[in-house]
Amino acid sequence: MAKKNMRIERDSMGNVEVPSHAYYGAQTQRAIDNFQISNLQFSKSFIKSLAIIKRSAAIVNNKLGKLDSKYSQAIIKASDEVINGKFDDQFKVDIFQTGSGTSTNMNINEILSNRASEMLGGKLGSREPIHPNDHVNLGQSSNDVIPSAIHISVYLDVQDYLIPSLTALEKSLGKKSKEFIGIIKIGRTHLQDATPISLQQEFSGYVQQIKKSIVRLKKSKKDLLELAIGGTAVGTGINTHKDFGKLMAAEISNYTTANFIEAENHFELQASQDSIVELSGSLKTLSVSLHKIANDIRWLASGPRSGIGELTIPAVQPGSSIMPGKVNPVISESLIQICAKVIGNDTAITMGGLGGFFQLNTMLPLIAYNALESIQLLSNGINMFREKLIDGLVANKDICNNYIEGSLAMCTSLAPVIGYDKAAHIAHLAFTSGKTVREIALEENILSESELEKLLNPENMIKTE
């Protein structure tokens with residue numbers, strides 16, 4: 001007899017108590033009981049992709065004459081409810097579960113079975129008239145469903161969120177670069193003074209980093225258009241129609257408007273996760289680029305009185321609980337932490353990619369969670385960085401100019417005329433005396449004042465032609 005507010009369900013291993021009003025069933029409950037690990041669960045985009053697969057399968061199986069139209073329509077309607085978030089609280093299986101993701105595949109199979117059965121007058125837990133395996137999972141295996149859901153969710157999240165956020169950031173950085181035309185500042189290498197550079201040139205480098213990141217992402221996401229669905233257990237397509245994979249890819253494409261195709265080789269796609277590892281590498285490279293940009297801006301805005309101070313960042317919140325008036329580069333720091341997390345996630349995804357043993361990768365939940373988390377963190381972090389920092393960034397022109405005249409690196413433009421050793425001697429004298437390169441050069445009668453004016457003009461030092 002079941003406890004209060006519980007129902008008894010039976011699976012191949014025996015009886016299981018399930019909450020009376022739960023739309024999941026016995027196999028999900030076993031997974032909930034077994035994997036009480038982290039409270040980390042699949043993202044909504046992954047669950048949506050699973051529901052798209054189940055929805056598409058109901059349509060395709062009906063077209064193939066394998067699923068009654070009444071059952072097909074009920075599963076489609078139930079899938080649409082999952083896609084719209086109605087059953088978000090019913091996906092309770094921990095990420096650290098069976099490596100194939102079978103528990104999560106059964107989680108959605110049971111939810112759709114119960115909800116579709118309920119629509120047709122059945123009771124929760126009865127598996128009638130819609131069965132989770134025989135009808136919802138018809139023609140499928142966890143081994144091709146979960147890899148397909150990974151490809152669909154990652155592809156769509158990159159396309160719909162990450163690339164648009166990067167495109168907007170590229171535009172904002174480009175706008176700032178144009179605003180900074182004519183502002184000349186000192187360059188820095190090894191954290192030491194170098195020859196002059198314009199602030200526009202410096203920011204053009206950031207723009208190019210983002211442009212290249214977009215190109216990398218677009219290239220690496222193309223392989224995600226291949227779907228494992230149709231391979232079933234080990235890639236042979238056992239227990240499904242020979243056209244199932246092709247028709248599924250077409251139906252999923254129709255629903256998502258992306259051009260998904262059946263795997264060129266099901267054995268490759270189910271046994272490995274190389275495409276996600278490559279995509280994750282692009283996310284890691286993007287994170288390295290973003291870290292450089294955010295960190296540069298943080299340093300260039302350091303101060304305001306005793307730092308570099310060439311930039312002023314927007315004040316978005318008080319910076320100290322003890323020092324009144326302090327403003328910290330919190331937006332840069334937030335993005336830098338995100339980059340560190342994504343780089344860590346890439347390591348986990350790489351290790352997950354090593355989990356391909358014979359005909360199946362058995363680290364799929366870990367790979368899915370980390371890839372989707374990285375995309376979400378980067379998308380949100382990039383939008384924050386653009387809106388709360390880049391768009392409000394201001395250059396301090398006077399500070400930029402003042403650093404140039406006092407820099408020892410100004411002697412670099414003298415070297416082609418007077419020789420490296422004499423130029424180095426002037427730099428040494430300027431350093432020890434506290435004077436400028438210009439002052440020492442005039443005192444030493446190295447060149448005429450007009451010649452020095454031309455050679456030490458910072459505008460002549462930043463020309464790239």
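Residues numbered from 1 in each chain as written. Predicted model: local features only at pLDDT ≥ 70, side-chain atom pairs only at ≥ 80, totals over all residues. Heavy atoms only, no water.

Student: Looking at this structure, how should I read the overall build of the protein chain?
Tutor: Within the protein chain, the regular secondary structure consists of 18 helices and 10 strands. Judged by the C-alpha coordinates and their principal axes, the protein chain covers about 100 × 50 × 35 Å. Among the 465 residues that make up the protein chain, the fraction classed as buried is 52%. Within the protein chain, counting contacts between residues at least 6 apart in sequence, those at least 24 apart form 72% of the total. Approximately 22,100 Å² of the protein chain is accessible, and the part contributed by carbon and sulfur atoms is 52%. Positive and negative side-chain charges in the protein chain, numbering 47 and 48 respectively, have mean positions lying 5 Å apart. (Helix = DSSP H or I, 4+ residues; strand = E, 2+ residues; numbered from the N terminus. Buried < 20%, exposed > 50% of the residue type's maximum accessible area, 1.4 Å probe, protein only. Contact = heavy atoms within 4.5 Å. Areas by Shrake-Rupley, 256 points an atom, 1.4 Å probe, with all protein chains shown as cover. Lys, Arg positive; Asp, Glu negative; His and termini not counted. Charge placed at Lys NZ, Arg CZ, Asp CG, Glu CD.)

Student: Teacher, can you tell me more about the packing of aromatic side chains here?
Tutor: To describe a pair of aromatic rings, you give the distance between the ring centres and the angle between the ring planes. Under the definition given, this model contains five aromatic pairs. Here the aromatic rings of Phe203 and Tyr206 are separated by 5.0 Å at their centres, their planes lie at 70°, and the arrangement is edge-to-face. Residue Phe203 and its partner Tyr206 are both found in helix α7 (residues 199–221); the two are separated by three residues, about one turn of the helix. On the basis of relative accessible area, Phe203 is assigned to the buried category, the value being 0%. (Phe/Tyr/Trp six-rings, centres within 6.5 Å; stacked < 30°, edge-to-face > 60°.)

Student: Please explain helix α2 (residues 44–63) as it appears in this structure.
Tutor: One turn of an α-helix holds 3.6 residues; hence residues three or four places apart share an orientation. Taking 1.5 Å of rise per residue, 20 residues should cover 28 Å, and α2 covers 29 Å from first to last C-alpha, within 8% of that figure. Immediately beyond the C-terminal end of α2, within one or two residues, lies Gly65, with a positive phi of roughly 75°. (Expected span 1.5 Å × (residues − 1).)

Student: Help me understand the pattern of salt bridges in this model?
Tutor: Tallying each qualifying case throughout the model produces 22 salt bridges. Across the pair Lys86 and Glu81 runs a salt bridge, and its minimum N-O distance is 3.4 Å. Shared partners join several salt bridges into a network, and the residues in it are Glu81, Lys86, Arg115 and Glu118. (Salt bridge = Lys/Arg side-chain N within 4 Å of Asp/Glu carboxyl O.)

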